[in-house]
Amino acid sequence: MLGASLVCGVTLGAAGLGQAEALRLLWAGLTGGTVAAPDAAAYTIVWEIRLPRVVLGAVVGAGLASVGVAVQAMVRNALADPFVLGISSGAAVGANAVILLGAFAGLGVWALSVSAFGSALAAMALVYAVARSPRGLTPLRLVLTGTALAYGFEAVTTVMVFGAARGEAARSAMMWLLGSLGGATWAQVPIAAVTVVAGWAWLRRRAEALNALAMGDETSAALGVRPARLRRELFLVTAAVTGTVVAVSGAIGFVGLMVPHLVRMTVGADHRRVLVLAPVAGAVLLVWADLLSRLLLAPAELPVGVITAVVGVPVFLLLMRRGAHPLAGS
């Protein structure tokens, strides 16, 4: 399913390039075949524009879905998502400082990613400092602190957007705030992929501890899990992964909220199974959402966050009517 989605994402588009021709050029690149001079422009579209975008979309989708599973276990709330901690809103402040104010211009093409990631880490540190208590990181304090600070970060971003001197800069900022993979490059893929894979591997190794944590602090302590320490570790991992993917894609909502629910409905609440399927489902969802964002108003492009919201809102309401799937394992 994921492989077919990746192929469709690369071979379909608004550039007037036939699917068969795009598939031929993709195969030529994968096998080291030669490309005729008249096909050079089409080859560039496939390999330098579409393919890195599709691969980055899969990585971002997998990362958001994995972190969604972790956050819901961390705060024991099936309605939580990676953005409940305020990290994405913090990243938005740094990203918009680059887009609207020209900050960190000396970093060139890396300015946006570096600034967004740095401000995401700063937001993480602030949330951690405020939410921490003598009893550690409790779910309620994390949710309340993250939500409150997210509103504060969003207010700062709004002031920056309204104060922008150039209309095009404000439009770029809004595209980033709603999520977009339009600026994807091969240079962004390795860092995002390594961070997502490392975060997923750590979560997968701690799957049984997540099962215990989802059953409550007293139960998890009885099973040999230290809930405060595990929650602190989860906070750091989710912040690092969320900050990395938001830095390269903007704030894409609903993936981390919706995918864990759908996966639990399919394989149950055991995190050992959920963390295997959730990244794949998240990758497939975001690849198709990005493809729709390119095709629906072609040649114009919608922010991919609009597509995930259009899909996510009715799915979320349906899940709410049916009752949230339990987090605790059987």
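The model shown is predicted, which means the values in this text are computed figures rather than measured ones.

Rules behind the numbers
Residues numbered from 1 in each chain as written. Predicted model: local features only at pLDDT ≥ 70, side-chain atom pairs only at ≥ 80, totals over all residues. Heavy atoms only, no water. Helix = DSSP H or I, 4+ residues; strand = E, 2+ residues; numbered from the N terminus. Rg over C-alpha atoms; globule rule 2.2 N^0.38 Å. Buried < 20%, exposed > 50% of the residue type's maximum accessible area, 1.4 Å probe, protein only. Phe/Tyr/Trp six-rings, centres within 6.5 Å; stacked < 30°, edge-to-face > 60°. Axes fitted to C-alpha atoms, helices over the stretch in contact; angles between N-to-C directions. Parallel < 35°, antiparallel > 145°, perpendicular 65-115°, else oblique. Contact = heavy atoms within 4.5 Å. Salt bridge = Lys/Arg side-chain N within 4 Å of Asp/Glu carboxyl O. Patch = residues over 30% accessible without salt bridge, like charges linked within 9 Å, V, L, I, M, F, W, Y side chains within 5 Å. Areas by Shrake-Rupley, 256 points an atom, 1.4 Å probe, with all protein chains shown as cover. Core = buried A, V, L, I, M, F, W, Y, C linked by side-chain atoms within 4.5 Å. Expected span 1.5 Å × (residues − 1). Bend = angle between axes of the 7 residues up to and from the residue. pLDDT = per-residue confidence, 0-100. Left-handed = near helix turned anticlockwise from the far one by under 90°. Nonpolar A, V, L, I, M, F, W, Y, C, P; charged D, E, K, R; others polar.

Draft legend 1. Highlighting the overall build of the chain. Along the chain, the regular secondary structure elements total 14 helices and 0 strands. Relative to the 2.2 N^0.38 estimate, which gives 20 Å for 330 residues, the radius of gyration of the chain is 20 Å and therefore close to what a compact globule would have. Oriented by its inertia axes, the alpha-carbon framework of the chain measures out at about 70 × 45 × 35 Å. Put simply, the chain has 330 residues, and 50% of those count as buried.

Draft legend 2. Representation of the packing of aromatic side chains. In the structure shown here, the tally under the stated rule is 2 aromatic pairs. Taking 6.1 Å as the distance between ring centres and 35° as the angle between the ring planes, the aromatic pair formed by Tyr128 and Phe235 counts as tilted. Of this pair, Tyr128 sits in helix 5 (residues 111–131) while Phe235 sits in helix 11 (residues 227–249), and the two are 107 residues apart along the sequence. What makes Tyr128 partly exposed here is its relative accessible area of 24%. Judged by its relative accessible area of 1%, Phe235 is buried.

Draft legend 3. A look at the packing of helix 2 (residues 19–31) against helix 3 (residues 40–74). Running from amino to carboxyl end, helix 2 crosses helix 3 at an angle of 75°, the nearest separation of the two axes being 9 Å. On the basis of their axis angle, the class for helix 2 and helix 3 is roughly perpendicular. Within the contact between the two elements, helix 2 uses Glu21, Ala22, Leu25, Leu26, Gly29 and Leu30 and helix 3 uses Ala42, Tyr43, Val46, Trp47, Arg50 and Leu51.

Draft legend 4. Geometry of the pattern of salt bridges. One pass over the structure, following the stated rule, counts 10 salt bridges. In this structure, Asp270 engages Arg273 in a salt bridge whose closest nitrogen and oxygen atoms are separated by 3.9 Å. Residues joined in a network through salt bridges with shared partners are Arg53, Asp290, Arg294 and Glu301.

Draft legend 5. A look at a nonpolar patch on the surface. On the surface, Phe104, Leu107, Trp110, Val114 and Ile191 cluster together to form a nonpolar patch covering roughly 470 Å² of accessible area. Along the polypeptide, Val114 turns up in helix 5.

Draft legend 6. Inspection of the side chain of Ser66 at higher detail. Take Ser66: it is sitting in helix 3. We classify Ser66 as buried; its relative accessible area is 3%. Those residues in contact with Ser66 that sit more than four places away from it in its chain are Trp200, Leu203, Leu275 and Pro279.

Draft legend 7. Up close: helix 9 (residues 207–214). Extensive coverage of helix 9 is indicated by the burial of 7 of its 8 residues. Among the residues making up helix 9, those that are buried are Ala207, Ala209, Leu210, Asn211, Ala212, Leu213 and Ala214. Turning to helix 9, the residues buried within the fold contact helix 3, helix 8 (188–205), helix 10 (217–222), helix 11 and helix 13 (271–295). Looking at the residues trailing helix 9, positive phi occurs at Gly216, about 115°.

Draft legend 8. Layout of the nonpolar core. Residues Val46, Leu56, Val60, Met74, Leu142, Trp176 and Leu234 are the most contacted members of the largest nonpolar core, which totals 84 residues. With 18 residues, the single largest contributor to this core is helix 3. Beyond its immediate chain neighbours, meaning those up to four positions away, Leu234 contacts Ala70, Met74, Trp202, Leu203, Leu210 and Leu213.

Draft legend 9. How the structure looks around helix 13. A rise of 1.5 Å per residue sets the reference length of helix 13, with its 25 residues, at 36 Å; its end C-alpha atoms lie 35 Å apart and thus fit the reference within 8%. Helix geometry: helix 13 is bent most strongly at Leu277, by close to 25°, with proline Pro279 lying one to four residues after it.

Draft legend 10. Up close: the environment of Val69. Mapped onto the fold, Val69 is located in helix 3. Along the backbone, Val69 and Trp27 are 42 residues apart, and their C-alpha atoms lie at a distance of 35 Å. Once you skip the residues sitting within four places of it in the chain, Val69 turns out to touch Pro260, His271, Val274, Leu275 and Ala278.

Draft legend 11. Seen up close, the confidence of the model for the chain. Scored by pLDDT, the chain has a mean of 85; 95% of the residues are at 70 or more. For the chain, the element scoring lowest by mean pLDDT is helix 7 (residues 167–178), at 75; helix 13 scores highest, at 95.

Draft legend 12. Structural view of the environment of Val46. By secondary structure assignment, the location of Val46 is in helix 3. Expressed as a C-alpha distance, the spacing of Val46 and Leu177, which sit 131 residues apart in the sequence, is 27 Å.

Draft legend 13. The arrangement of the packing of helix 5 against helix 6 (residues 139–162) in detail. Orientation of helix 5 relative to helix 6, taken along the N-to-C sense of each, is 135°, at an axis distance of 9 Å. On the basis of the axis angle, helix 5 is oblique to helix 6. As for the relative orientation of helix 5 and helix 6, their crossing is right-handed in sense. Residues Ala123, Leu126, Val127, Val130 and Ala131 of helix 5 form the contact with helix 6, whose own contacting residues are Arg141, Leu142, Thr145, Gly146, Leu149 and Phe153. Among the residues forming the contact of helix 5 with helix 6, the class breakdown is 8 nonpolar, 2 polar and 1 charged.

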